[in-house]
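Given next are the chains, with one letter for each unit.
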Amino acid sequence: MSNLNFVEEMRWRGMLQDMMPGTEEKLNAGMCSGYIGFDPTADSMHVGHLMQVMTLIHFQRAGHKPFALVGGATGMVGDPSGKSAERNLLDEETLNKNVTGLHNQLEKFLDFNCGANSAVMVNNYDWFKGFSFLNFIRDVGKHITVNYMMAKDSVKKRLEGESGMSFTEFTYQLVQGYDFYYLWKHHGISIQMGGSDQWGNIVTGTELIRRKDGGEAFALTTQLIKKSDGTKFGKTESGAVWLDPQKTSPYKFYQFWLNASDDDVKSWIRIFTLKTKAEIEALETEHNAAPHLRVLQKALATEITIRVHGETELNKAIEASAILFGASTADALAQLDEATFLDVFDGVPQSHVTLHDLNAGINLVDLLADKTQIFPSRGEARKMITGGGVAVNKQKIDNPETLVNTDHLINGKYIIAQKGKKNYYLIIVE
RNA sequence: GGGGAGAUUCCAGAGCGGCCAAAUGGGACGGACUGUAAAUCCGUUGCGAGAGCUUCGAAGGUUCGAAUCCUUCUCUCCCCA
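Residues numbered from 1 in each chain as written. Chains lettered and ligands numbered in written order. Predicted model: local features only at pLDDT ≥ 70, side-chain atom pairs only at ≥ 80, totals over all residues. Heavy atoms only, no water.

## Observations concerning the overall build of chain A
Defined as follows: Secondary structure elements follow DSSP: runs of H or I of four or more residues count as helices, runs of E of two or more count as strands, with numbering from the N terminus. By definition in these notes, contact holds between two residues if any of their heavy atoms fall within 4.5 Å. Only four residue types enter the charge count, namely Lys and Arg as positive and Asp and Glu as negative; His and the chain termini do not. Every charge is mapped to an atom, namely NZ of Lys, CZ of Arg, CG of Asp or CD of Glu.
In terms of regular secondary structure, chain A is built from 20 helices and 15 strands. By its C-alpha atoms, chain A is 80 × 50 × 40 Å across when sized along the principal axes. If you take every contact in chain A between residues at least 6 apart in sequence, the share linking residues at least 24 apart comes to 73%. Here chain A carries 44 positive and 52 negative side-chain charges, and the mean point of each set is 4 Å from the other.

## Quick word on the sheet that holds strand 6 (residues 218–222)
Remark on secondary structure: sheet strands pair via backbone hydrogen bonds, oriented parallel or antiparallel. To be explicit about the condition: Whether two strands pair depends on DSSP finding at least two bridges between them. Fitted lines through C-alpha atoms give the axes, limited to the stretch in contact for helices. The angle between two N-to-C directions lies from 0 to 180 degrees.
Strand order in the open sheet formed by 6 strands is 1-6-5-2-3-4, and the pairing between neighbours is mixed. Unpaired on one side and paired on the other, strand 1 (16–19) and strand 4 (120–123) mark the two borders of the sheet. For this sheet, the mean angle separating the axes of adjacent strands, direction not counted, is 25°. Where strand 2 (residues 33–38) lies against strand 3 (residues 65–70), 6 bridges are found, and the strand directions are parallel. Paired with tyrosine 35 across the strands is phenylalanine 67, a residue of strand 3. The sheet contacts of helix 10 (residues 199–213) involve strand 1, strand 5 (189–195) and strand 6, and relative to strand 6 the element is tilted by about 170°.

## Topic: the nonpolar core
Applicable threshold: Within this scheme, the nonpolar core is defined by two criteria: the residues are buried Ala, Val, Leu, Ile, Met, Phe, Trp, Tyr or Cys, and they are joined through side-chain atoms within 4.5 Å. Note on exposure labels: buried denotes an accessible area under 20% of the residue type's maximum, exposed denotes more than 50%, and partly exposed covers the range between, all computed with a 1.4 Å probe on protein chains only.
In terms of nonpolar packing, the biggest core is built from 76 residues, with Trp257, Phe272 and Phe345 touching the most fellow members. The dominant element in this core, judged by the number of residues it contributes, is helix 3 (residues 47–61), at 8 residues. With sequence-adjacent residues up to four places away left out, phenylalanine 272 is seen in contact with Val47, Leu50, Met51, Met54, Ile225, Phe233, Trp257, Leu300 and Ile304. Counting residues in each nonpolar core, the second largest holds 31 residues, with Ala73, Ile144, Met149 and Leu174 among its members.

## Things to note about the sheet that holds strand 11 (residues 390–392)
With mixed pairing, 5 strands are arranged side by side in an open sheet as 9-15-14-11-12. Whereas interior strands pair on both sides, the edge strands pair on one side only; in this sheet they are strand 9 (350–353) and strand 12 (395–396). In this sheet, strand 15 (residues 423–429) lies alongside strand 14 (residues 414–419) in antiparallel orientation, the contact comprising 6 bridges. From the neighbouring strand, isoleucine 416 faces strand 15, where its bridge partner is leucine 426. Along the sheet face, helix 19 (residues 364–371) touches strand 9, strand 11, strand 14 and strand 15 and points at about 115° away from the line of strand 9.

## Quick word on the pairing of strand 15
Among the 7 residues of strand 15, 6 are classified as buried, and the element is accordingly described as predominantly covered. Note: strand 9 against strand 15, 4 bridges, orientation parallel. Paired with valine 353 across the strands is valine 429, a residue of strand 15. Counting the residues in the hairpin turn of strand 14 and strand 15 gives 3 residues, including glycine 420, whose phi is positive at 70°.

## As for the pattern of salt bridges
In plain terms, the rule: Any carboxyl oxygen of Asp or Glu within 4 Å of a side-chain nitrogen of Lys or Arg constitutes a salt bridge here.
With the rule as written, the count across this model stands at 18 salt bridges. Aspartate 126 serves as the salt-bridge partner of lysine 129, at 3.9 Å between the closest nitrogen and oxygen. Classification of aspartate 126 by relative accessible area gives partly exposed; the value is 49%. Here arginine 378 ties to aspartate 370 by a salt bridge, and the two come within 3.0 Å at their closest N and O atoms. Classification of arginine 378 by relative accessible area gives partly exposed; the value is 35%. The network of salt bridges with shared partners includes Glu8, Arg11 and Glu24.

What follows is the structure in structure tokens.
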């Protein structure tokens, strides 16, 4: 056993929400196997999943054996927890693709080759695919009453709501409950963890284990991640923040964490980094002494970006940030070699313009509204330019009649347009 | 099945024959300030450089003139059976 105590760790990091009685004692008594389920609703995890991943990491670091369950089967049913409407079902092909994607990502976080407490990945489709409906309702359904299932919050809310709930979704908690039973029976897993919205589903599992085999199993849930401004964690204007670099560039990923508010960063750094309590407190002192330097945000963004994307990508993201937000000028842009330049503007919306148009010189409004769709209308482009909200190659332009020509090209083929401070557009000339 | 209320620009919500491209609030987007923050303040928020043009659930109609009046249709909500 490691000298780290899992529950203590979760507690001081503010990750722990609730445990079943006896859970802590069980965990302190020796190595336990525990699991968390991941729903394959997409082929990549987003930052919202990271809390669960971190939980598994702590679990493993404390000497326990973590299992990650990918819900190939449950994904076909749809978890009603926290959902106000019936979910769309994914087809099997998409589901398989998603399962593979999640699998690959999880492997980056957990150690799958470290002896006794190596992490293990399981897919519940493996034990559900051959399980017939009749056998299921006979062997599993028999042990849980409808009254019990109806009493769950996730079900109650939907019954009271407008849209109702299909039998499929109603069954979800049983299917997930059986996962727990199966893993308990065949892999000796005694604890299921998950977000606080999973409490009901997890408890159905422990109940099933108790009623079916008289066994004992435990539950532990994590806190919901809160944001001080009340908005949902993990979403930006452009949607969810994914771990997959194809979906969210490492630069955007880094920026997401760097932009954490002062209030949020104090809890996030505990949740999303493995820094010790002493290290975090030292950083906080430093942060409070000079808040504008955002020591905490930088530490958080750095550690988590390395974990997800690696050090090379982190350095690129930092470099890109310096160019985009630092006091960089058209000169600095021009000095970048093409590869770095493209890296910096990776993930920035692109548009194309012909060299022919540019040779003649294009009126800025025409360029931004007609040639590219950076602005939806000419009037809007004009207003924004006049209002001082537009820059070309980091240089502010407030005259809508300005002509853009080949003199503005960077590396002979690019123009950077900026709408406001944060919105960059790459115009490629060809 | 019977009775009532309503549908307005991103949202909420005024307007009830010309002064309405449509109050006000919110949101969004810009600007200043700042820490790539919060708060605050300022500006923009149908298209158009402008004249002007197209919008107020849909289609018709009355009128010199309609978001506003009439007819039909579609949809929403509420009450009763």
